[in-house]
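Tertiary structure, described
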There are 2 protein chains.
Amino acid sequence: MSSSVQNKRIRKSPGARRAEIVAAAAGVALAEGLECITLRRVAEELDVRPGLISHYFPAVDDLVAEAYGSAVGSELDELLPADRAGATPTRHLARFLARTTGKAYDDISRLWLNARHLSRYRPALRDRVAVQEDAWRDRLEEVIRVGVEEGEFHTADPLVTAIQILVVLDGLGMLVNSPSADDGPPAVRRLPVTTAERELGLPVGALSDAPD
Amino acid sequence: MSSSVQNKRIRKSPGARRAEIVAAAAGVALAEGLECITLRRVAEELDVRPGLISHYFPAVDDLVAEAYGSAVGSELDELLPADRAGATPTRHLARFLARTTGKAYDDISRLWLNARHLSRYRPALRDRVAVQEDAWRDRLEEVIRVGVEEGEFHTADPLVTAIQILVVLDGLGMLVNSPSADDGPPAVRRLPVTTAERELGLPVGALSDAPD
DNA sequence: TTGCTTATTGGTCGCACACTCAATAGCATG
DNA sequence: CATGCTATTGAGTGTGCGACCAATAAGCAA
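Our subject in this report is the structure included herewith. (Residues numbered from 1 in each chain as written. Chains lettered and ligands numbered in written order. Predicted model: local features only at pLDDT ≥ 70, side-chain atom pairs only at ≥ 80, totals over all residues. Heavy atoms only, no water.)

**A look at the relation of the copies chain A and chain B**
One copy of the chain maps onto the second through a rotation about an axis and a displacement along it. Overlay of chain A on chain B (RMSD 0.0 Å): rotation 180 degrees, translation along the axis 0.0 Å. The superposition of one copy onto the other is thereby described by a two-fold rotation axis. Among all residues of chain A, the minimum C-alpha distance to the rotation axis is found for Gly171(A), at 1.8 Å. An overlap of 95% is found between the interface residues of chain A and their copies at the interface of chain B, pointing to a shared contact surface. (Least-squares fit on C-alpha atoms with pLDDT ≥ 70 in both. Contact = heavy atoms within 4.5 Å.)

**Remarks on the protein's contact with DNA strand C**
Surrounding DNA strand C, one finds 23 residues, the nearest of these being Lys12(A), Arg17(A), Tyr56(A), Arg9(B) and Arg11(B). Atoms of DNA strand C within 4 Å of the protein: sugar and phosphate make up 67%, bases the balance. Between DNA strand C and the protein, one listed contact pairs a phosphate oxygen with a backbone N or O atom of Leu39(B) at 3.0 Å. Between DNA strand C and Val60(B) there is a distance of 2.9 Å, counted from a phosphate oxygen to a backbone nitrogen or oxygen. Elements supplying a minimum of two residues to the surface near DNA strand C: helix H1 (14–32) and helix H3 (50–56) of chain A together with helix H2 (39–46) of chain B. When residues in the surface near DNA strand C are grouped by element, the largest group, four residues, is from H3(A). For the surface near DNA strand C, the per-class residue count stands at ten nonpolar, four polar and nine charged. (Near = heavy atom within 4 Å. Polar contact = N/O pair within 3.5 Å; in protein donor to acceptor, adjacent residues only side chain to side chain. Helix = DSSP H or I, 4+ residues; strand = E, 2+ residues; numbered from the N terminus. Nonpolar A, V, L, I, M, F, W, Y, C, P; charged D, E, K, R; others polar.)

**Points about the protein's contact with DNA strand D**
Taken together, the neighbourhood of DNA strand D is formed by 22 residues, with Arg9(A), Arg11(A), Arg11(B), Arg17(B) and Tyr56(B) sitting nearest. Taking all atoms of DNA strand D within 4 Å of the protein, the share assigned to sugar and phosphate is 68%. Within the backbone of Leu39(A), a nitrogen or oxygen atom sits 3.1 Å from a phosphate oxygen of DNA strand D. For the surface near DNA strand D, the secondary structure elements donating two or more residues are helix H2 (39–46) of chain A together with helix H1 (14–32) and helix H3 (50–56) of chain B.

**Some details on the environment of Asp61(B)**
All names here are of chain B. Examined against the element boundaries, Asp61 turns out to sit in helix H4 (residues 60–79). Separated by 26 residues in the primary sequence, Asp61 and Glu35 place their C-alpha atoms 10.0 Å from one another. Not counting chain neighbours up to four residues away, the residues in contact with Asp61 comprise Arg122 and Ala124.

**Some details on the packing of helix H6 (residues 106–118) of chain A against helix H6 (residues 106–118) of chain B**
Packing of H6(A) against H6(B) brings their axes to within 9 Å, and their N-to-C directions diverge by 130 degrees. The angle between H6(A) and H6(B) places the two elements in the oblique class. Where H6(A) crosses over H6(B), the handedness of that crossing is left-handed. Contacts between H6(A) and H6(B) involve Leu113(A), Asn114(A), Arg116(A) and His117(A) on the former and, on the latter, Leu113(B), Asn114(B), Arg116(B) and His117(B). Residue composition of the contact of H6(A) with H6(B), grouped by class: two nonpolar, four polar and two charged. (Axes fitted to C-alpha atoms, helices over the stretch in contact; angles between N-to-C directions. Parallel < 35°, antiparallel > 145°, perpendicular 65-115°, else oblique. Left-handed = near helix turned anticlockwise from the far one by under 90°.)

**Some details on the packing of helix H5 (residues 89–101) of chain B against helix H10 (residues 191–199) of chain B**
Residue and element names in this part refer to chain B. Where H5 contacts H10, the two axes come as close as 9 Å, and the packing angle between them is 155 degrees. In terms of their interaxial angle, H5 and H10 are classed as roughly antiparallel. Judged by the sense of rotation from one axis to the other, the crossing of H5 with H10 is right-handed. Where H5 approaches H10, its residues Leu93, Leu97 and Thr101 are matched on the opposing element by Pro192, Val193 and Ala196. Of the residues contributing to the contact of H5 with H10, the split by class is five nonpolar, one polar and no charged.

**What about the interface of chain A and chain B?**
The partner chain B presents 38 residues to the 40 residues of chain A that form the contact. Buried area between chain A and chain B, summed over both chains or domains, comes out near 3200 Å², and the portion from carbon and sulfur atoms is 66%. If you sort the residues of chain A by the area they bury against chain B, His117(A), Arg120(A) and Met174(A) come out on top, with a joint share of 21%. Applying the counting criterion to the chain A and chain B interface returns zero salt bridges. Connecting chain A to chain B are ten residue pairs in polar contact (both at pLDDT 80 or more). (Buried area = accessible area lost by both parts, 1.4 Å probe. Salt bridge = Lys/Arg side-chain N within 4 Å of Asp/Glu carboxyl O.)

Listed below in structure tokens is the structure:
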């Protein structure tokens, strides 16, 4: 007997079940896209009936927003930990740039692209995107600000510099679904690093040489 | 009697009808988004039956790709005319940057964002996006190349510079659906101009002072 | 063990979508 | 005016979606 047929109900606490649903939806969002978060698809993922998803999220749009926020929020925590224990701002920024440039970051780029477009139609998602944009910007600005205070970076306006780096990252992320995204001049792939080094008054290579 | 009820058939040549359909679909794409291009929606726009759209585009994905290509292609022709009669590269680039930064460009930004995400799922659209990316890049590179030849611009690699400007434009375009897209530091809105002036060795203001 | 709360199911409804195809009628041609 | 070609219609198929709700049973508490 295959385990795919569930004839026995499994009853969980509302909190646990809700978290499970959000996690499953986040997985679907990362792998297939936010529009693939449907009652049926998420239910299948958890081997429950679609009605159960509706029970926890009467409006599916709220689940979409929650799934997006969960995926992107935890990614930020890994990229720029709030408590950066014993690492210089330079190393932190270098690590951030190394990860956001790597191939493994493509799923996150796709999710950002996805969310920014879909938020055109879904208010709940639009609010969540705004929150996450603020969070990413604030976290990056903080790293830069500390770097300036400690004399590692030099910029008149950490906020603008942070936005500038994020804009370049977003601009490259726009190309994530293009077939020719991986090729192209190497100088283009290094654009975020180049931008950061220039805007922070760092020597070339300061943010790309063996950071991790 | 309202004109919304069409009881009399109007028979047109295939070429004219096809062009009409593409134009209507492009209008829908610009105003409401590519996923709003449905057989019913486009048919309603032209006051015909949905089956007629299917007749000209047996696969709706091809109509979506065609509508996108039409809208974005004609926009490029207006932004960077192929035959730039009697205008300096500086004026051309200034005009391009002025228009792509303006509020009126938001619909085009939305369409690019839309297409780049949707091309994840629709192969026909993905191919069209690649074609238009090449076209925009080539056209901008050409302006820069001529500017370098005529001594107005200074850059070692016109292609990389063109891509760099487009990446910044795309990065800002990502924010088009965010509620806080219009506010934010002025320096951020001027990022494309700043980038272009820096990369082309121009004095500050060379690309933003009364171009048109 | 019994009973009760409520998490979970199963079924249904209405809607919008792409796609198909035989029947119809506009219109150019003779 | 009559005729033939074909652009256009009308009707229908099947799919997947969100939402709703009464019935059911899991598992905790008494």
